[in-house]
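Below, each chain spelled out in residue letters.
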Amino acid sequence: MSIFLATFFLIYGGTHLYFYTKARAAFGFGPAVGVPLALFLVLMAAAPILVRIAERQGLEQPARLLAWSGYCWMGFLFLFFSCSLLVDCWHLVLRVGELAARREFALFRLPRLPVFGIAATYGLLAAAYGYHDALTIRTDRITIRTPKLPAGVERLTIAQISDVHVGLIIREERLRRMLAAVRAANPDLLVCTGDLVDGQVNDIAPLMDLFGSIHPRYGKFAVTGNHEYFVGLGQALDFTRRAGFRVLRGEGETVAGVLNVVGVDDPAGRAFGEFRGADERGLLAAFPRNRFTLFLKHRPTIDPAALGLFDLQLSGHVHGGQLFPFGLVVRLFYPLMDGLHRFAGGELLSVSRGTGTWGPPIRFLAPPEVTVIELVRGER
């Protein structure tokens, strides 16, 4: 965990230094502007840590203000960085061409001030669009035909939420939009594939009321994500259970004789000594194969040994990248990103883009979703 945090803040601090050097090269300002700008950038770079400290001290309003400002800045900075870096790559190609041709291509070089202005404008417009897009919850529908539903159950609807990140930013207004999409689907079963909680959850009664208004026929099930451990597993589990979910930690059940629902802990729990390890093959093999087996697992990875023992795995974690082009990097680590993936034995993996946001309350070219899976009795 310490290595991850050190790497994150090294990279995040580096993007702030990058912004400062680009601004100074574009405007040529002196200490009168440079010092206040540098102090602002240091504050923004440290904002994620300061937010956690303020939360744990019970300073909810300062923490919320710092979260909104710091994470909106984070979204803008990443979008600025991706645009400006693209221009840097263009200039690098030109430089290589100049060395090869032994001549200058000055006509094709872009001036620093216009480039900074273009990158900043792009960052602002993309962030504004992404902020609005994060509030617009899509319903992505999947239909699966299966002979494993019992006689008399012709159709079963499952709604999946994932990566909601309830905390300082995701509160009543945003949660209400998400759950309205769930309610519209009228599911028989509601599942959450991790990261429901991402912060100190104070004054939770209004949030409980929102979840409490949804009563699926076959209940609500959840698994842990990595953020449940980051914010404190005890309070995260308490919130999840009070929201009406049964949290599956290396366990499952056959629900009303209709289908098997099985879930495992996120491996992030190992770093905190809170992981309930489970051999996926052994766990899944304990459930009857003549019933549809729904496997809940936060990260979109497949254990080859478990193939043939589940029918549908639901995962999240990757947010579809959340901010383009970050998804291109995420895909290097999780090649099975958003969408439905089929395996040779007929097993399916459905990966949600996530319903909420982590960090910036912004989604750019990775819209949020509630996934609705219709199981229909019949041959595949």
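Coordinates for the structure precede this section.
What counts and what doesn't
Residues numbered from 1 in each chain as written. Predicted model: local features only at pLDDT ≥ 70, side-chain atom pairs only at ≥ 80, totals over all residues. Heavy atoms only, no water. Salt bridge = Lys/Arg side-chain N within 4 Å of Asp/Glu carboxyl O. Helix = DSSP H or I, 4+ residues; strand = E, 2+ residues; numbered from the N terminus. Buried < 20%, exposed > 50% of the residue type's maximum accessible area, 1.4 Å probe, protein only. Contact = heavy atoms within 4.5 Å. Pairing = 2+ DSSP bridges. Axes fitted to C-alpha atoms, helices over the stretch in contact; angles between N-to-C directions. Right-handed = clockwise from strand over helix to strand, strands pointing away. Parallel < 35°, antiparallel > 145°, perpendicular 65-115°, else oblique. Left-handed = near helix turned anticlockwise from the far one by under 90°. Nonpolar A, V, L, I, M, F, W, Y, C, P; charged D, E, K, R; others polar.

Another aspect to go through is the pattern of salt bridges. Applying the stated criterion to the full structure yields 21 salt bridges. Measuring nitrogen to oxygen at the nearest pair gives 3.8 Å for the salt bridge that ties arginine 242 to aspartate 238. Of this pair, arginine 242 and aspartate 238 both sit in helix H8 (residues 233–242), separated by four residues, roughly a single helical turn. Residue aspartate 238 is classed as partly exposed on the basis of its relative accessible area of 39%. We note a salt bridge from arginine 289 to aspartate 311, for which the minimum N-O separation is 3.7 Å. Of this pair, arginine 289 sits in the loop between helix H9 (280–285) and strand E8 (292–296) while aspartate 311 sits in the loop between E8 and strand E9 (312–315), and the two are 22 residues apart along the sequence. Of the residues examined, aspartate 311 reaches a relative accessible area of 3% and is grouped as buried.

Glancing now at the environment of tryptophan 90. Note that tryptophan 90 resides in helix H3 (residues 60–101). Considered as a pair, tryptophan 90 and leucine 110 are 20 residues apart in the sequence and their alpha carbons are 9.4 Å apart. The contacts of tryptophan 90, once residues within four sequence positions are left out, are Phe108 and Leu110.

Our next topic: the sheet that holds strand E1 (residues 138–146). Read from one edge to the other, the open sheet built from six strands follows the order E1-E12-E2-E3-E4-E5, with strand pairing classed as mixed. Two strands lie at the open edges of the sheet, namely E1 and strand E5 (246–247), each paired on one side alone. The pairing of E1 with strand E12 (residues 369–377) spans nine bridges and is parallel. Among the inter-strand pairings, threonine 143 is bridged to a residue of E12, identified as glutamate 374. Docked against the sheet, helix H5 (residues 172–185) engages E1, strand E2 (155–161), strand E3 (189–192) and E12, running at close to 15 degrees with respect to E12.

This brings us to the pairing of E3. In the case of a regular strand, side chains alternate between the two sheet surfaces. Alternating residues of E3 divide into Leu189 and Val191 and Leu190 and Cys192, and every residue in both groups is buried. Between E2 and its parallel partner E3, the chain crosses via H5, and the hand of that crossover is right-handed. Taken together, the three bridges between E3 and strand E4 (residues 220–222) define a ladder with parallel strand orientation. When the sheet's bridge partners are listed, valine 191 is paired in E4 with phenylalanine 221.

Now for the packing of helix H2 (residues 31–56) against H3. When two helices pack together, their arrangement is captured by the angle between the axes and the distance separating the axes. Two elements in contact, H2 and H3, have axes separated by 9 Å at closest approach and are oriented at 140 degrees. For the element pair H2 / H3, the angle class is oblique. Classified by chirality, the crossing of H3 by H2 is left-handed. Here Phe40, Leu41, Met44, Ala47, Pro48, Leu50, Val51, Ala54 and Glu55 of H2 come into contact with H3, specifically with Ala63, Leu66, Ala67, Ser69, Gly70, Tyr71, Trp73 and Met74. Each residue belonging to the contact of H2 with H3 can be placed in one class, and the counts come to 14 nonpolar, two polar and one charged.

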